[in-house]
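Here's the letter readout for the chains.
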Amino acid sequence: MPARVNSRCCETPEQMAASWCTISSPSTSEGVSLTAAKERGQLVFLEGLKSCLDLLFGEEEKQSGQPSPLQFISESTSDLKALFDFVRTSLTPAGSDSWKGPVLLVDDLSVLLSLGATPVAVLDFIHYCRVTVCYQLKGNIVVLVHSNEDSEDEENELIVNSLCHHSDLILWVEGLATGFCKDVHGQIKIIKRVSLELTAEQDLVQIYQYKIQDKNVTFFARGLSAAVL
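First things first, this report covers the structure right here in the doc. Since this is a predicted model, take the numbers as computed values, not measurements. (Residues numbered from 1 in each chain as written. Predicted model: local features only at pLDDT ≥ 70, side-chain atom pairs only at ≥ 80, totals over all residues. Heavy atoms only, no water.)

1. Some points on the overall build of the protein chain
Check the secondary structure of the protein chain and you find seven helices and ten strands. Taking contacts inside the protein chain between residues at least 6 apart in sequence as the whole, the part at least 24 apart equals 59%. Working note: accessible area of the protein chain is about 13,500 Å², and carbon and sulfur atoms make up 54% of it. (Helix = DSSP H or I, 4+ residues; strand = E, 2+ residues; numbered from the N terminus. Contact = heavy atoms within 4.5 Å. Areas by Shrake-Rupley, 256 points an atom, 1.4 Å probe, with all protein chains shown as cover.)

2. Overview of the pattern of salt bridges
Tallied over the full model, the rule gives four salt bridges. When salt bridges with common partners are traced through the structure, they connect Lys-81, Asp-85 and Arg-88 into a single cluster. (Salt bridge = Lys/Arg side-chain N within 4 Å of Asp/Glu carboxyl O.)

3. Describing helix H7 (residues 154-166)
Here H7 is 13 residues long and its end C-alpha atoms lie 19 Å apart, about the 18 Å a rise of 1.5 Å per residue gives. Within the span of H7, buried status applies to Asn-156, Glu-157, Ile-159, Val-160, Ser-162, Leu-163 and Cys-164. The backbone nitrogen of Glu-155 lies 3.3 Å from a side-chain oxygen of the residue at the head of H7, namely Asp-153. (Expected span 1.5 Å × (residues − 1). Buried < 20%, exposed > 50% of the residue type's maximum accessible area, 1.4 Å probe, protein only. Polar contact = N/O pair within 3.5 Å; in protein donor to acceptor, adjacent residues only side chain to side chain.)

4. Quick notes on the packing of helix H4 (residues 81-91) against helix H6 (residues 119-136)
Contact pair H4 / H6: the axes reach a minimum separation of 10 Å and the direction vectors enclose 15°. In terms of axis orientation, H4 runs roughly parallel to H6. Like other packed secondary-structure pairs, H4 and H6 cross with a definite hand, here right-handed. Where H4 approaches H6, its residues Leu-83, Phe-84, Val-87, Arg-88 and Leu-91 are matched on the opposing element by Phe-125, Tyr-128, Cys-129, Thr-132 and Val-133. Considered class by class, the residues forming the contact of H4 with H6 number eight nonpolar, one polar and one charged. (Axes fitted to C-alpha atoms, helices over the stretch in contact; angles between N-to-C directions. Parallel < 35°, antiparallel > 145°, perpendicular 65-115°, else oblique. Left-handed = near helix turned anticlockwise from the far one by under 90°. Nonpolar A, V, L, I, M, F, W, Y, C, P; charged D, E, K, R; others polar.)

Right under this line is the structure:
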């Protein structure tokens with residue numbers, strides 16, 4: 001899901017989905033109207049499920065006259081070039097457009113594997129996106145992936161490990177090891193990859209717990225939830 005926005009963001013593979021950090025449709029987020037942003041040309045949204053269904057039923061090319069970004073689904077090879085071309089075209093300024101710091105949001109990368117793309121194709125896609133967005137356009141990439149320590153999905157774990165290796169910032173979100181709690185829904189580990197700067201310093205790690213509410217999330221240090229205090 002590529003988006004042109006003015007805010008800065010870090011390249012972040014996240015561990016497991018949480019309801020506040022995903023955007024399933026261009027509606028309204030806290031303090032930001034995504035529909036208005038789309039109308040102003042600040043947001044380009046690729047609705048993956050609808051695109052898949054249109055492609056499978058032959059409606060995609062009839063409507064646009066252009067190949068679908070998810071064309072690989074109906075082909076024998078898992079080439080993600082059409083998807084990358086969509087990202088590059090959506091984020092590259094046209095004419096006098098002077099957007100600064102574009103942000104590419106991918107929610108979520110694991111789905112591409114489920115749709116038949118190979119790990120190599122997915123990693124190639126992210127590599128070319130990184131070159132275009134981060135280096136050429138001076139923007140950032142935010143990627144959501146799923147993983148767990150007991151996973152037997154070697155292809156997905158390869159994607160997760162590669163993203164972690166190349167990322168500047170990692171948000172590792174998981175449930176509580178002790179199980180469900182009404183006042184604490186899980187914890188988030190924030191890992192700043194200082195080691196990528198080729199220094200002798202170790203990565204900076206911060207751990208917070210969180211509670212998901214209707215339109216926002218409350219973060220607090222471990223053991224300092226409202227129930228404890």
